[in-house]
Amino acid sequence: MKHDLLGLKELSAEQIKNILSEAADMKKIVVGAKEKKIKNLQGKTVVNLFYENSTRTRLSFELAAKYMSANAANISSSGSSVAKGETLTDTAETINAMGTDILVMRHSMSGAPHMLSKLISASVVNAGDGMNEHPTQALLDMLTMIEHKGHIEGLKVAIIGDIYHSRVVRSNIYGLTKLGAEVTVGGPSTLMPMGIEELGVKVFNNIHEAIVDADVVMGLRIQLERQKKGLFPSVREYFRFFGVDDSRLKLAKPDAIVMHPGPVNRGVELSTTVIDGEKSVITQQVTSGVAVRMAVMDMLIHGGF
Ligand code: CP
């Protein structure tokens, strides 16, 4: 039976811990090994199908596949037959028919990977579907937290920004609460989805209250491409009331770390001094991303889900 990774909503705490444990081993290859090459996916084919822009996710899936000796290929909507009107399902079935073992996909429609997973024989990995989930981002965030804090259970994680449009926040909430973290979310009420507290988080429209005593402060990108006009007056106003700068960061624990999934709008979600400051682990998140994607693909093919 094939396995897919569609979201953290569907995974148990045990499954998440298993992925993080394998990812920790994979990270030694990404950062420590003389030669970044293992044979776990030798003879397997990984295709990245991206209908939305990406730097980190697409490249890290490609590198993760190559570090594990897979055949790796990329296809995006522009430049493919999607631009000639081919449907998502026809495109996926075409890619599947070429001997693909793992299809990694990003799409603006929530549920697109779930739909394809039922149609094709390849394992499907959700690399971000609309406003729903981005499971490998949350896994890499959790791996980075464990590296700095040693554990997830009991951590206070404050997530600040555009909660409404964020698939990253949803995956993090599922994963972090399953592993016993306390999650607070903060941002403008216009960017806060109704009923988010039902996912087990505390909601604050004043970010000072959200950040107080946090172990982890995570900024989320203001998704300018998904905004309907009028959700906040201007990016300058946004930063004034909700941006994380050095003075607001002082409200968190002295040893707090600062995270952001990227890409960052500098001076909007986080000040430049915070992004480049000593508490920032944003670059380490990127490295964790390669390790997590190696672990996920290895486990999809060889078991563990
Ligand atoms: N964090 C993230 O998904 O970044 P990309 O859009 O660059 O892949």
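Residues numbered from 1 in each chain as written. Predicted model: local features only at pLDDT ≥ 70, side-chain atom pairs only at ≥ 80, totals over all residues. Heavy atoms only, no water.

## A few points about the domain arrangement of the protein
Reasoning step 1: Its domain assignment divides the protein into domain 1 (13-132 + 286-301) and domain 2 (135-285).
Reasoning step 2: Placing a centre on the C-alpha atoms of domain 1 and another on those of domain 2 gives a separation of 25 Å.
Reasoning step 3: Facing 28 residues of domain 1, the contacting portion of domain 2 comprises 26 residues.
Reasoning step 4: Both faces combined, the contact of domain 1 with domain 2 buries some 2100 Å², and carbon together with sulfur accounts for 61% of it.
Reasoning step 5: Scanning the region where domain 1 abuts domain 2 turns up 2 salt bridges.
Reasoning step 6: Two residues, glutamate 147 and lysine 27, come together in a salt bridge whose shortest N-O distance is 2.9 Å.
Reasoning step 7: At the boundary of domain 1 with domain 2, the tally comes to 15 residue pairs in polar contact (both at pLDDT 80 or more).
Reasoning step 8: Secondary structure elements with two or more residues in the side of domain 1 that touches domain 2: helix H1 (13-32), helix H2 (56-67), strand E3 (102-107), strand E4 (123-129) and helix H11 (282-302).
Reasoning step 9: Considered class by class, the residues forming the side of domain 1 that touches domain 2 number 13 nonpolar, 8 polar and 7 charged. (Domains from an automatic or database assignment. Contact = heavy atoms within 4.5 Å. Buried area = accessible area lost by both parts, 1.4 Å probe. Salt bridge = Lys/Arg side-chain N within 4 Å of Asp/Glu carboxyl O. Polar contact = N/O pair within 3.5 Å; in protein donor to acceptor, adjacent residues only side chain to side chain. Helix = DSSP H or I, 4+ residues; strand = E, 2+ residues; numbered from the N terminus. Nonpolar A, V, L, I, M, F, W, Y, C, P; charged D, E, K, R; others polar.)

## Remarks on H2
Reasoning step 1: For H2, with 12 residues, the first-to-last C-alpha span of 16 Å sits near the 16 Å given by 1.5 Å per residue.
Reasoning step 2: Buried residues of H2: Thr57, Ser60, Phe61, Glu62, Ala64, Ala65 and Tyr67, and no others. (Expected span 1.5 Å × (residues − 1). Buried < 20%, exposed > 50% of the residue type's maximum accessible area, 1.4 Å probe, protein only.)

## Examining the sheet that holds strand E5 (residues 156-160)
Two orientations exist for strands paired in a sheet by backbone hydrogen bonds: parallel and antiparallel.
Reasoning step 1: Strand order across the open sheet formed by 5 strands is E7-E6-E5-E8-E9, with parallel pairing between neighbours. Both outer strands of the open sheet, strand E7 (202-204) and strand E9 (257-259), are each paired with one neighbouring strand and no more. Strand-to-strand twist of the sheet, defined as the mean angle between neighbouring strand axes without regard to direction, takes the value 20°.
Reasoning step 2: In this sheet, strand E8 (residues 216-219) lies alongside E5 in parallel orientation, the contact comprising 4 bridges. (Pairing = 2+ DSSP bridges. Axes fitted to C-alpha atoms, helices over the stretch in contact; angles between N-to-C directions.)

## As for the nonpolar core
Reasoning step 1: Membership of the largest hydrophobic core comes to 63 residues, with the highest contact counts inside it found for Leu139, Met142, Met145, Ile159, Val185, Met294 and Met297.
Reasoning step 2: Ranked by the residues each element gives to this core, the list is headed by H11, at 9 residues.
Reasoning step 3: Composition of this core by domain shows at least three residues from each of domain 1 (13-132 + 286-301) and domain 2 (135-285).
Reasoning step 4: Discounting residues that sit within four places of it in the chain, methionine 297 has contacts with Leu41, Val46, Phe61, Ala64, Ala65, Met68 and Ile102.
Reasoning step 5: Of all hydrophobic cores here, the second largest spans 23 residues; its members include Phe242, Leu249, Ala256 and Val274. (Core = buried A, V, L, I, M, F, W, Y, C linked by side-chain atoms within 4.5 Å.)

## A short note on a nonpolar patch on the surface
Reasoning step 1: A grouping of Met109, Met115 and Leu119 is seen on the molecular surface, where their side chains present a nonpolar patch of about 250 Å² in accessible area.
Reasoning step 2: Looking at the secondary structure, you find methionine 109 in the loop between E3 and helix H4 (112-119).
Reasoning step 3: With a relative accessible area of 38%, methionine 109 lands in the partly exposed category. (Patch = residues over 30% accessible without salt bridge, like charges linked within 9 Å, V, L, I, M, F, W, Y side chains within 5 Å. Areas by Shrake-Rupley, 256 points an atom, 1.4 Å probe, with all protein chains shown as cover.)

## Some thoughts on the site of the ligand
Reasoning step 1: All residues adjacent to the ligand are Ser54, Thr55, Arg56, Thr57, Arg106, His134, Gln137, Pro261 and Gly262.
Reasoning step 2: With respect to the ligand, the side chain of serine 54 contributes an N or O atom lying 2.6 Å from an oxygen atom.
Reasoning step 3: Considered on its own, the ligand offers 250 Å² of accessible surface; in the complex 91% of this is hidden by protein.
Reasoning step 4: For the shell around the ligand, the per-class residue count stands at 1 nonpolar, 6 polar and 2 charged.
Reasoning step 5: Split by domain, the shell around the ligand shows at least three residues from each of two domains, domain 1 (13-132 + 286-301) and domain 2 (135-285). (Near = heavy atom within 4 Å.)

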